[in-house]
Amino acid sequence: MPGMVVFGRRWGIASDDLVFPGSFELFVRVLWWIGTMILFTYHKGNFDCNGGGVLHTFLVGLMVVLALIILSLCATVYVSAQGTITNPGPRRSIPALIYLRAILYIPELVWACLGAMWVSEDSKGCDPATVGAVISAVIASWIILLFTGLGVVFVFDPLGNPRPQHSAMEPLGVRDQQSTEGTQFLSTARSLAVKVWESRLRLLCCCLPQDESHRAAFSSIAQLVGGFFSDTDLVPSDIAAGLALLHQEQDKMEQSRDPDIMVDHSPSSPIGEDLETELEKAAHCMQFAAAAYGWPMYIYSNPLTGPCKLSGDCCRSREAEYDIVGGDHLGCHFSSILQSTGLQYRDFIYVSFHNQIYEIPFYVALDHKREAVLVAVRGTLSLKDVLTDLSAECENLPIEGVLGSCYAHKGMCQAAGYIYKKLVNDGILNQAFSIAPEYKLVITGHSLGAGTASLLAILLRNSFPTLQCYSFSPPGGLLSKALADYSKDFVVSVVLGKDLVPRLSLPNMEDLKRKILKVVSNCNKPKYRILLQGCWYEVFGGDPDDFPTEMDNRREEELSQPLLGEESLMFRHSSSYQSLASDESPAHTATHLPLFLPGRILRITEDGPSRRSCFSQVRYRADWSNEMSFRSVLISPRMLADHMPDAMLRALTSLTRDRPFSLCPSSSNNTNHNTV
């Protein structure tokens, strides 16, 4: 940080990002130079074959070119390792070294062509080992040139026009007079970023229909993503270093924090509705939520036996006693649902695998074990589902009888409306309750399906007052506070460990960006050391590194300048950007409406040390939590693994089947934790 400016534009790489790629290339080049020297010394400079003179010139020139490249790489790696992320001053010579390295590609290209010509025309009669060595050198040159070209494409920044910089000696009053120009530049940069991201989304989703709904989704997602880091000068490696630092900082805080005070019982839960009962219901419903993913999740969870069990059912013709819609021509999705749930064909009322943006698969079945009409909504499994997930702006969702602002996640709100119309307008629920009128309505789902199921339950609540919803790993940015409080009477959200998705919302992401900026600015270690120590910590564990909390001789308010160019990182005072710790800073400005998890929240965590052997048995504990516990993103190697439906199902199964319940007795603990 900031992005390196060479060849008249900014690139998506910083001047301290050349340590690792430079070291790797340096290692290859040194081995290459040693091999060439051995070959030249072995023949003592005399090659008794056709074109021996050309070969002599080629090897001598190659050693000279390699020596120059090695020297330039040594200088590049050394200089790139100097300074800190926010102090690029010691690396000011990097652009000159980049230009020198680019010039050295010219003789390397010429020598690669010379070697290719010698091999094709003058290598007859020469030692086969020598010919093979020259061919290897030519191939290696072309491979390095190819990867260099790919690297340039990879770090190319379409928004890389040089950003306006102010002189370090420029009077403060003059810079304040130019604030309008800076604001206009930032607005232009954001508009350009939105256009670039919209083009990227269209290219990524070129296989999808380019209709009006998709174009609207691309536009809203581009505005969300394009504006997120437009006011900073972060490159991807800065974010990685910030996450590594933040993870260790969070672990230090967790180790020094007093044990959390558990909620004595679920707020708003009826008398007698205890934790054990809710866990049993949740474990049962999770089977249906996981089954909604179809055969991919079934094969993933049963890699050895799954294909054999499904092979006999797929492609089998049968008289269906249920309505099935789209996307399952071979019947493998439905066969996997049968295997996962243990239901019979006749138990299914409606099965839909139709999948478009804002239209996600679901099924309706009769759960005779729990005497329920069960609606299971599938989570994210396709690119169209991802677009639904990323349509994260707010949409009004007025509900009769709910006071306060009612709004929700747009993509999931649209998906819930689609399923609501199917269930009500198409008479699917009427058909189900005509078969089992005494049954109650239960709605469930995981991830995207969890958010959609919660919103669907809110829409159906007035028509079905006794309905229940079990929402597994729902997104954190789902409901307004009024709707979240309203849903506590009939929705239970289950969250496993440090799952990222329940903590994922626009305000939380803004908070994460602010924390990354602060921890990166405060650290006085070079980026390569941060990344090396971070990787070691993630893989092997140990004690969190004691990184300094602030740099010497700097005030905290000087660590919060707008990161819009190399000179802006020199920590001068800015009237437009206050301290990261200040509530007046842009990072603290409420640019996004707050959204919360639905219903009562049941949190499952691993019982025991955070680091354990891969073969050790995991023990879980469960307790009631509240939405304020999920107002920040927790960095962890398990933040994605804990979101997987098989991990959630495994944890619930462990709590309800593998061992008996063990409620902490109130007589031995004055805190009276209701924990499993």
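Throughout, residues of each chain are indexed from 1 in the direction in which the sequence is written. Only residues with pLDDT of 70 or above have their local features reported here, since the model is predicted, and side-chain atom pairs are shown and tallied only from 80 upward, although totals for entire chains, interfaces and linings are computed over all residues. Note that water and hydrogens are dropped before the side-chain values are worked out from all heavy atoms of the structure.

A. Representation of the packing of aromatic side chains within the structure. Think of it this way: a Phe, Tyr or Trp ring, Trp meaning its six-membered ring, pairs with another when their centres are within 6.5 Å, and the plane angle makes it stacked under 30 degrees, edge-to-face over 60, tilted otherwise. The tally for this structure, following the rule as stated, stands at nine aromatic pairs. Here the aromatic residues Phe334, Tyr345, Phe348 and Tyr363 are joined through ring pairs into a cluster of three or more. In this scheme, the term charge over a ring applies when either NZ of a lysine or CZ of an arginine sits within 6 Å of the ring centre and within 35 degrees of the ring normal. Sitting above the plane of the Tyr105 ring, Arg101 keeps its charged end 4.0 Å from the centroid.

B. Quick peek at the UniProt feature "transmembrane region" (unreviewed entry) in the chain. UniProt positions are given in the numbering used here, feature names are shortened, and annotations may be inferred rather than shown by experiment. Within this structure's numbering, the places UniProt gives as "transmembrane region" (unreviewed entry) are residues 20–42, 54–78, 98–119 and 131–156. Only DSSP runs of H or I covering at least 4 residues are called helices, and only runs of E covering at least 2 are called strands; the numbering of each starts at the N terminus. Counted over residues 98–119, helix gives 100% and strand 0%. Its end C-alpha atoms are 32 Å apart.

C. A look at the packing of helix H1 (residues 19–43) against helix H2 (residues 52–80). Axis definition: a line fitted to C-alpha atoms, limited for helices to the stretch in contact. Angles are taken between N-to-C directions and run from 0 to 180 degrees. For the pair H1 and H2, interaxial distance at closest approach is 9 Å and the crossing angle is 155°. In terms of orientation, H1 lies roughly antiparallel with respect to H2. Crossing hand, H1 versus H2: left-handed. A breakdown of the residues in the contact of H1 with H2 according to their chemical character gives 19 nonpolar, five polar and two charged. Angles are sorted into four bins: roughly parallel if under 35 degrees, roughly antiparallel if over 145, roughly perpendicular if 65 to 115, and oblique for all others. Crossing handedness is read from the near helix: turned anticlockwise from the far helix by less than a right angle, it gives a left-handed crossing, and turned clockwise, a right-handed one. Under the scheme applied, nonpolar residues are Ala, Val, Leu, Ile, Met, Phe, Trp, Tyr, Cys and Pro; charged residues are Asp, Glu, Lys and Arg; polar residues are all the others, including Gly.

D. Structural view of a positive patch on the surface. There is a patch of like positive charges on the surface, built from Lys369, Arg370, Lys440 and Arg657. With respect to the helices, strands and loops of the structure, Lys440 is situated in strand E9 (residues 440–446). With relative accessibility at 32%, the residue Lys440 sits in the partly exposed group. Patch membership requires more than 30% relative accessible area and the absence of a salt bridge. Residues of like charge join within 9 Å; the nonpolar side chains Val, Leu, Ile, Met, Phe, Trp and Tyr join within 5 Å. To measure how exposed things are, a 1.4 Å probe is used in the Shrake-Rupley method; for residues, cover is taken only from the protein chains shown. Any carboxyl oxygen of Asp or Glu within 4 Å of a side-chain nitrogen of Lys or Arg constitutes a salt bridge here. For the charge count, each Lys or Arg is scored as positive and each Asp or Glu as negative, with His and the chain ends excluded. Charged groups are reduced to one reference atom each: NZ for lysine, CZ for arginine, CG for aspartic acid, CD for glutamic acid. Here's how the labels work: a residue is buried when its accessible area is under 20% of the maximum for its type, exposed when over 50%, partly exposed in between, all with a 1.4 Å probe on protein chains only.

E. Layout of empty space enclosed by the protein. Put plainly, a pocket is an open set of points on a 1 Å grid over the protein atoms alone with protein on both sides within 12 Å along at least five of seven lines, a cavity is a set where a 1.4 Å probe fits but cannot get out, and a lining residue has an atom within 4 Å of a point. Grid points are joined across faces, edges and corners, and a volume is the space filled by probe spheres set on the points. What the rule picks out here adds up to four cavities of 30 Å³ or more. Taken as a whole, the second largest cavity encloses approximately 40 Å³ of empty space. As for the second largest cavity, its lining consists of Gly476, Pro502, Ser505, Asn508, Leu595, Phe596, Leu597, Glu627, Phe630 and Arg631. When grouped by side-chain class, the residues that make up the lining of the second largest cavity number five nonpolar, three polar and two charged.

F. Broad picture of a nonpolar patch on the surface. Side chains of Ile135, Ile139, Ile143, Leu146, Phe147 and Leu150 sit close together on the surface and give an oily, nonpolar patch of about 570 Å² of accessible area. Mapped onto the secondary structure, Leu146 falls in helix H4 (residues 128–155). Its relative accessible area of 51% is what places Leu146 among the exposed residues.

G. A look at the pairing of strand E12 (residues 600–606). A large share of E12 lies buried, amounting to five of its seven residues. Note that strand E11 (residues 491–496) and E12 share five bridges and pair parallel. Bridge assignment links Val492 to a residue of E12, and that residue is Arg600. Strand pairing follows a simple DSSP-based rule, namely that at least 2 bridges must link the two strands. Here E12 runs beside strand E13 (residues 620–625); their pairing, made up of six bridges, is antiparallel. Paired with Arg603 across the strands is Asp623, a residue of E13.

H. Inspection of helix H12 (residues 332–341) at higher detail. Summarising burial for H12: eight of the ten residues are buried, a large majority. Among all positions in H12, only Cys332, His333, Phe334, Ser335, Ser336, Ile337, Leu338 and Thr341 are buried. Of the residues one or two after H12, Gly342 is the one with positive phi, at around 75°.

I. Just the pattern of salt bridges, in detail. All told, the structure shown has 25 salt bridges when counted by the stated rule. Two residues, Lys513 and Glu510, come together in a salt bridge whose shortest N-O distance is 3.5 Å. Of this pair, Lys513 and Glu510 are both found in helix H18 (residues 506–522), three residues apart, which corresponds to roughly one turn of the helix. The exposure class of Glu510 is buried, given its relative accessible area of 14%. Of the charged contacts in the structure, one is a salt bridge between Asp646 and Arg650, with a shortest N-O distance of 3.6 Å. Note that Asp646 and Arg650 are positioned in helix H20 (residues 645–658) at a spacing of four residues, about one turn of the helix.

J. Spatial organisation of the packing of helix H8 (residues 236–256) against H18. Contact geometry for H8 and H18: axes closest at 9 Å, N-to-C directions at 90°. Our classification of the angle between H8 and H18 gives roughly perpendicular. Contacts from Asp238, Ile239, Gly242, Leu243, Leu245 and Leu246 of H8 reach H18 at Leu512, Lys515, Ile516, Val519 and Val520. Class assignment of the residues belonging to the contact of H8 with H18 gives a composition of eight nonpolar, one polar and two charged. In what follows, residue pairs with any heavy atoms lying within 4.5 Å of each other are defined as contacts.

K. Fine view of the pairing of strand E4 (residues 348–352). For E4, a buried count of five out of five residues is recorded, marking the element as mostly surrounded by other parts of the structure. Across four bridges, the pairing between E4 and strand E5 (residues 362–367) is antiparallel. Note on E5: the bridge partner recorded for Val351 is Tyr363.

L. Inspection of the environment of Ser120 at higher detail. By secondary structure assignment, the location of Ser120 is in helix H3 (residues 94–121). Ser120 sits in the exposed class, given a relative accessible area of 56%. When the C-alpha positions of Ser120 and Ile135 are compared, they lie 9.8 Å apart, and in sequence the two are 15 residues distant. Within the structure, the side chain of Ser120 is placed 3.0 Å from the backbone oxygen of Met117, a separation counted as a polar contact. As used in this structure description, the phrase polar contact means that two N or O atoms lie within 3.5 Å; if the pair is within protein, one of them must be able to donate a hydrogen and the other to accept it, and residues adjacent in sequence are counted only when both atoms belong to side chains.

M. Local environment of the environment of Leu366. Residue position: Leu366 is located in strand E5. The class for Leu366 is buried, based on a relative accessible area of 3%. Each C-alpha atom, one on Leu366 and one on Arg346, is 8.8 Å from the other, the two residues being 20 residues apart in sequence. Setting aside anything within four residues of it in sequence, one finds Leu366 in contact with Leu343, Asp347, Ile349, Ala372, Val373, Ala432, Ile435, Ala436 and Tyr439.

N. Structural detail: helix H19 (residues 527–540). To estimate how far a helix should reach, multiply one less than its number of residues by 1.5 Å. If you check H19, its first and last C-alpha atoms are 20 Å apart, about what 14 residues at 1.5 Å a residue would give, namely 20 Å. Among the residues making up H19, those that are buried are Lys527, Ile530, Leu531, Gly534 and Tyr537. Down the axis of H19, the buried side of the element spans an arc of 130°, and every buried residue falls inside it. Along H19, the residues that are exposed and aim more than 90 degrees away from the buried face are Trp536, Val539 and Phe540. Residues of H19 that are buried in the fold lie against strand E2 (9–14), H1 and H8. By definition, the arc is the one covered by directions from the helix axis to the C-beta atoms.

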